[in-house]
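Report on the structure
In case you want the letters, here they are:
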Amino acid sequence: MGIKFSYNALPQDKYFESDGMRFHYLDWGEPKNPTIIMLHGFAQQSHSWDFVALGLCDKFRIVAFDQRGHGDSDWSQNHNYSLNDYHNDIDNLIKHLGLSETLMVGMSMGGRNAFTYAASHPDLVSALVVVDAAPVAQSSGRDKIRNFVSQEDVHPSIEEFVRMVHGYTPNRPIDQIWGSIKHNVKQLSDGSWTWKYDKFLRSPDRDFRSESKDVSDAMWASLDMLKAPTLLVVGEDSDIVSLDVANQMINRISNSQLVSIPNAGHRVMGDNP
């Protein structure tokens, strides 16, 4: 995938507690180095950042955690998946790590969680990278994601999930899809396989990308409050964040820069790491 790295690092699997739930995270690099907390997108998990972490963990400590309802972290029994819930988990991770400040990188859902958290915690977040995330999403991309996650979610083999994802992202190498899928599915007692993330989040009856005007307005307002230097990264072929919206965001973030990555759609670090 074109990634240059200093050595073949492997992360440690670690855990912390938040809101009575158990959370999993990957810890790359040395604790003495500056820490970057990485937040994955909807329906993804901490291994989404493996290529990025491998390329950066010689200079930074990378902490990529499975957000609530995803990966190897617990699901919320009460379906508590609001911004405040995600923020509370980030708070508890930072306390668990004993950090006085951190850099933060978030993609899609994780990007929203990152910039809204950074806006309300200027003393903790010293720098911010937002990857293809915005207060509003293009309807075409939002509907594409909804249609994908609403498909049949139990299959007899992992191969069927690889086929599904390859149909969704046909330009991505099949071996890379295998590397991603093996961390995002789990085997059931009858031998079949299903996604690791909370079934509630992929219910066809839940319009998970629809935000009330109040929530959208609050997210736009949070951009005005950002103090940390901010890099906004968008995929040149993204169907989620339009260039117009990206420029509106840059105009509202006081210390910011926009970069557009060629040969990449919404999942920038997977499409063109």
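Residues numbered from 1 in each chain as written. Predicted model: local features only at pLDDT ≥ 70, side-chain atom pairs only at ≥ 80, totals over all residues. Heavy atoms only, no water.

So, the overall build of the chain
Counting its secondary structure elements, the chain contains nine helices and eleven strands. Relative to the 2.2 N^0.38 estimate, which gives 19 Å for 273 residues, the radius of gyration of the chain is 18 Å and therefore close to what a compact globule would have. For the chain, the proportion of its 273 residues judged to be buried stands at 51%. Residue pairs in contact within the chain that sit at least 24 positions apart in sequence constitute 72% of those at least 6 positions apart. Only carbon and sulfur atoms are counted for the fraction: they give 49% of the accessible area of the chain, which is about 12500 Å². (Helix = DSSP H or I, 4+ residues; strand = E, 2+ residues; numbered from the N terminus. Rg over C-alpha atoms; globule rule 2.2 N^0.38 Å. Buried < 20%, exposed > 50% of the residue type's maximum accessible area, 1.4 Å probe, protein only. Contact = heavy atoms within 4.5 Å. Areas by Shrake-Rupley, 256 points an atom, 1.4 Å probe, with all protein chains shown as cover.)

What about helix α8 (residues 243-252)?
Every α-helical turn comprises 3.6 residues, leaving residues that sit three or four positions apart pointing alike. For α8, every residue scored as buried is listed here: Val245, Ala246, Met249 and Ile250. For α8, the arc enclosing every buried residue in end-on projection is 140°, short of the 170-degree limit, so these residues lie on one face. Residues of α8 that are exposed and point more than 90 degrees away from the buried face comprise Asp244 and Asn251. Lining the buried residues of α8 we find α3 (109-120), α7 (213-225), β10 (230-235) and β11 (256-261). (Arc of directions from axis to C-beta.)

Re the pairing of strand β3 (residues 35-39)
Two faces, one strand: in a regular strand the side chains alternate between the faces of the sheet. For β3, a buried count of five out of five residues is recorded, marking the element as mostly surrounded by other parts of the structure. One ladder, built from five bridges, connects β3 with strand β4 (residues 61-65); its direction is parallel. When the bridges of β4 are listed, Ile37 appears paired with Val63. Taking the sense of rotation as the criterion, the β-α-β connection linking β3, helix α1 (residues 50-56) and β4 turns out right-handed. Pairing between β3 and strand β5 (residues 102-107): four bridges, direction parallel. The residue of β5 that forms the bridge with Ile36 is Leu103. (Pairing = 2+ DSSP bridges. Right-handed = clockwise from strand over helix to strand, strands pointing away.)

Quick notes on the pairing of β5
Most of β5 sits inside the fold, with five of its six residues counted as buried. Here β5 pairs with strand β6 (residues 125-131) via six bridges, running parallel. Bridge pairing links Met107 to Val131 in β6. Considered for its hand, the β-α-β crossover made up of β5, α3 and β6 is right-handed.

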